[in-house]
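Results of the structural survey
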Amino acid sequence: MKAVVFEQFNTFPTLKEVPEPTPGSGEVLLKVAGAGCCHSDVSVFQDYTPETGSHTKPPFILGHETTGWVEEVGPDVTGFKKGDAYIVYGPTGCGHCPHCVAGQENYCSSAATNKSLALGLGRDGGMAEYMTVPARNLVPLGDADPIGAAPLADAALTPYHAIRAAMPHLNGGGKYALVIGLGGLGQIAIQILHALTGATVIATDTKPEALAKAEAKGAIPVMSDEHQVENIRKITHGEGVDAAFDFVGVAPTIAAAQASGGPGSRVTVVGIAGGKAEYDWYSKPWEQELLGVYWGSIPELYDVANMYRHGQIQTEIETYSLDNALDAYHKLVDNKLSARAVVVP
Ligand code: NAD
Ligand code: ZN
């Protein structure tokens with residue numbers, strides 16, 4: 001079968017012929033419906049080194065936002081029917097630590113010694129015709145469109161987790177939420193904020209097209225430039241936002257998120273761009289929290305799949321055949337995509 005393979009650190013992936021996988025004990029073979037291109041893949045093949053990428057050691061097939069139909073079940077697996085559609089929960093924890101048994105394989109206690117980080121990150125993912133998945137990593141999609149659902153596995157699950165964790169800051173009337181970076185994750189974050197909270201959403205990006213899309217979703221657009229903090233503070237009548245979510249993660253966006261917050265606000269950095277924050281312990285905004293998050297849990301992916309089925313989250317995608325998958329990655333690197341790229345084998 002054809003697959004998009006990450007073969008070497010600091011090297012663009014290749015499209016190549018690889019053997020079709022067979023499901024092992026406890027696994028299911030999926031016929032891939034869709035595999036989303038996430039910006040994190042760019043860090044994996046462009047930035048990581050053998051030291052920083054020890055859990056995403058090449059070679060492996062990329063694709064950690066995957067949906068598909070059951071093709072075959074491996075030994076010791078029951079309860080799956082050929083042709084049923086599922087979304088893949090990516091993180092591959094040990095399965096038995098306190099975090100894994102709670103469905104938080106993203107925060108597995110044995111992460112340092114696990115063989116891979118996730119399906120498509122250190123272990124073969126979904127940029128191929130078929131992939132094998134541990135049965136416990138499969139969340140049913142019912143009759144929802146599986147191709148449109150592919151980005152939910154990360155582009156919805158990660159903001160969903162970040163927003164739910166910030167709910168104490170957004171509970172109540174008259175709250176403001178700030179979303180920085182309106183790509184795959186940011187556009188879905190706006191929809192989740194509207195579904196879960198009554199907050200007014202302010203959205204910033206450097207691309208006018210991304211701002212227009214956010215505005216169409218009911219957010220107040222603010223150009224990400226040197227006046228953005230001032231503009232955000234004006235919108236919030238000088239108070240600042242209650243929760244900010246940074247889907248870029250460079251030092252200037254983190255600083256903008258901090259400076260846009262009000263007293264007791266929360267800044268969640270989701271973007272992986274190596275940005276460092278400065279935190280002055282004796283200055284405004286008082287009692288501001290600053291934290292980083294990584295992906296989400298299996299129960300949260302069930303919630304996300306239900307939100308999609310109920311129409312609370314819609315994905316915007318552009319589809320690519322496997323033959324054109326590398327074009328999608330080129331566009332992602334160059335920030336030229338206008339919707340989430342989904343590879344449809
Ligand atoms: P994307 O490429 O689809 O979107 C990024 C958006 O940010 C684009 O619209 C771009 O124009 C905008 N942007 C870039 N620089 C900006 C700036 N200075 N100010 C405002 N906007 C700016 O990326 P994505 O797939 O949505 O991923 C977003 C980030 O989240 C990436 O860094 C990715 O690696 C990270 N990520 C983190 C996790 C996690 O668990 N923490 C999970 C998935 C993705
Ligand atoms: Zn574990």
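Refer to the structure presented above.
Summarised in this report is the structure supplied together with it. Since we're looking at a predicted model, the values are computed, not measured.

Rules used in this analysis
Residues numbered from 1 in each chain as written. Chains lettered and ligands numbered in written order. Predicted model: local features only at pLDDT ≥ 70, side-chain atom pairs only at ≥ 80, totals over all residues. Heavy atoms only, no water. Pairing = 2+ DSSP bridges. Helix = DSSP H or I, 4+ residues; strand = E, 2+ residues; numbered from the N terminus. Axes fitted to C-alpha atoms, helices over the stretch in contact; angles between N-to-C directions. Disulfide = S-S within 2.5 Å. Buried < 20%, exposed > 50% of the residue type's maximum accessible area, 1.4 Å probe, protein only. Contact = heavy atoms within 4.5 Å. Donors = N, O, S within 2.8 Å, 3.2 Å for Na, K, Ca; no water. Tetrahedral: all angles 85-135°; square planar, octahedral: opposite > 155°, others 65-115°. Near = heavy atom within 4 Å. Polar contact = N/O pair within 3.5 Å; in protein donor to acceptor, adjacent residues only side chain to side chain. Areas by Shrake-Rupley, 256 points an atom, 1.4 Å probe, with all protein chains shown as cover. Nonpolar A, V, L, I, M, F, W, Y, C, P; charged D, E, K, R; others polar. Domains from an automatic or database assignment. Phe/Tyr/Trp six-rings, centres within 6.5 Å; stacked < 30°, edge-to-face > 60°. Parallel < 35°, antiparallel > 145°, perpendicular 65-115°, else oblique. Left-handed = near helix turned anticlockwise from the far one by under 90°.

What to know about the sheet that holds strand β13 (residues 220–223)
Strands sit in the order β13-β12-β11-β14-β15-β16 across an open sheet of 6 strands; the sheet is parallel. Of all the strands in the sheet, just β13 and β16 (289–292) have a single pairing partner and so form its edges. On average, each strand axis in the sheet is inclined to that of its neighbour by 20°, with strand direction left out of account. Both strand β11 (residues 176–180) and strand β12 (residues 200–205) contribute to a ladder of 5 bridges, which runs parallel.

Description of the state of the cysteines
With the rule as written, the count across this model stands at 0 disulfides. In this structure Cys38 is a free cysteine whose sulfur lies 9.1 Å from that of Cys37, the closest cysteine sulfur available.

Some words on the environment of Cys38
With respect to the element layout, Cys38 can be found in the loop between β3 (27–36) and α1 (39–47). Given a relative accessible area of 3%, Cys38 falls into the buried group. Not counting chain neighbours up to four residues away, the residues in contact with Cys38 comprise His64, Glu65, Asp154, Leu332 and Arg340.

Side note on the sheet that holds strand β1 (residues 2–6)
An order of β2-β1-β4 is seen for the 3 strands of this open sheet, with the pairing classed as antiparallel. Looking at which strands have only one partner, the edges of the open sheet turn out to be β2 (14–17) and β4 (60–61). In the sheet, β1 pairs with β2 via 4 bridges, with the strands oriented antiparallel. Bridge pairing in β2 places Lys2 opposite Glu17.

Re the coordination of the zinc ion (ligand 2)
Those protein atoms acting as donors to the zinc ion (ligand 2) are Cys94 (SG), Cys97 (SG), Cys100 (SG) and Cys108 (SG), and they sit at 2.3 to 2.4 Å. For the zinc ion (ligand 2), the 4 donor atoms in the first shell make angles of 103 to 118° at the metal, so the coordination geometry reads as tetrahedral. We note that the donor set of the zinc ion (ligand 2) lies within a single chain, spaced as C-x2-C-x2-C-x7-C. Residue Cys94 is located in the loop between β6 (85–88) and α2 (98–101), and its partner Cys108 is located in the loop between α2 and β7 (118–119); the two are separated by 14 residues in the primary sequence. Summarising the burial analysis for this pair, Cys94 and Cys108 share the class buried.

Overview of the site of ligand 1
Of all residues adjacent to ligand 1, which total 26 residues, the nearest are His39, Leu185, Asp205, Trp295 and Arg340. Between Gly184 and ligand 1, the recorded distance is 3.0 Å, taken from a backbone N or O atom to an oxygen atom. Leu185 is positioned with one of its backbone polar atoms (N or O) 2.9 Å from an oxygen atom of ligand 1. Calculation on ligand 1 without its partners gives an accessible area of 870 Å², and the protein chains cover 87% of this total. Among the secondary structure elements, those contributing two or more residues to the shell around ligand 1 are α1, α4 (152–165) and α6 (184–196). For the shell around ligand 1, a count of residues per class yields 11 nonpolar, 11 polar and 4 charged. Counting contributing residues, the shell around ligand 1 receives three or more from each of domain 1 (2–151 + 315–343) and domain 2 (158–292).

Comments concerning the packing of aromatic side chains
With the rule as written, the count across this model stands at 8 aromatic pairs. Ring centres 5.3 Å apart and planes at 80° place the aromatic pair Phe6 and Phe60 in the edge-to-face group. One end of the pair, Phe6, is in strand β1; the other, Phe60, is in strand β4, with 54 residues separating them in the sequence. Residue class for Phe6 comes out buried when judged on its relative accessible area of 0%. Classification of Phe60 by relative accessible area gives buried; the value is 2%. An aromatic cluster of three or more residues is present, and its members are Phe6, Phe9 and Phe60.

What to know about the packing of helix α8 (residues 228–235) against helix α9 (residues 251–260)
Helix packing geometry: the angle between the two helix axes and the distance between the axes. The contact between α8 and α9 brings their axes to 9 Å, and the two run at 30°. When the axis of α8 is compared with that of α9, the two are roughly parallel. Between α8 and α9 lies a crossing whose hand is right-handed. For the pair formed by α8 and α9, the contact residues are Gln228, Val229, Ile232 and Arg233 on the first element and Ala256, Ala259 and Ser260 on the second. Residue composition of the contact of α8 with α9, grouped by class: 4 nonpolar, 2 polar and 1 charged.

What to know about the side chain of Thr66
As for its position among the elements, Thr66 is in strand β5 (residues 66–73). In this structure the side chain of Thr66 is engaged in a polar contact, spanning 3.5 Å, whose partner is the backbone oxygen of Gly63. Sequence-distant contacts of Thr66, defined by excluding residues within four places in its chain, comprise Val32, Gly34, Ala35, Tyr86, Ile87, Val88, Gly126, Met131, Ala150 and Ala153.

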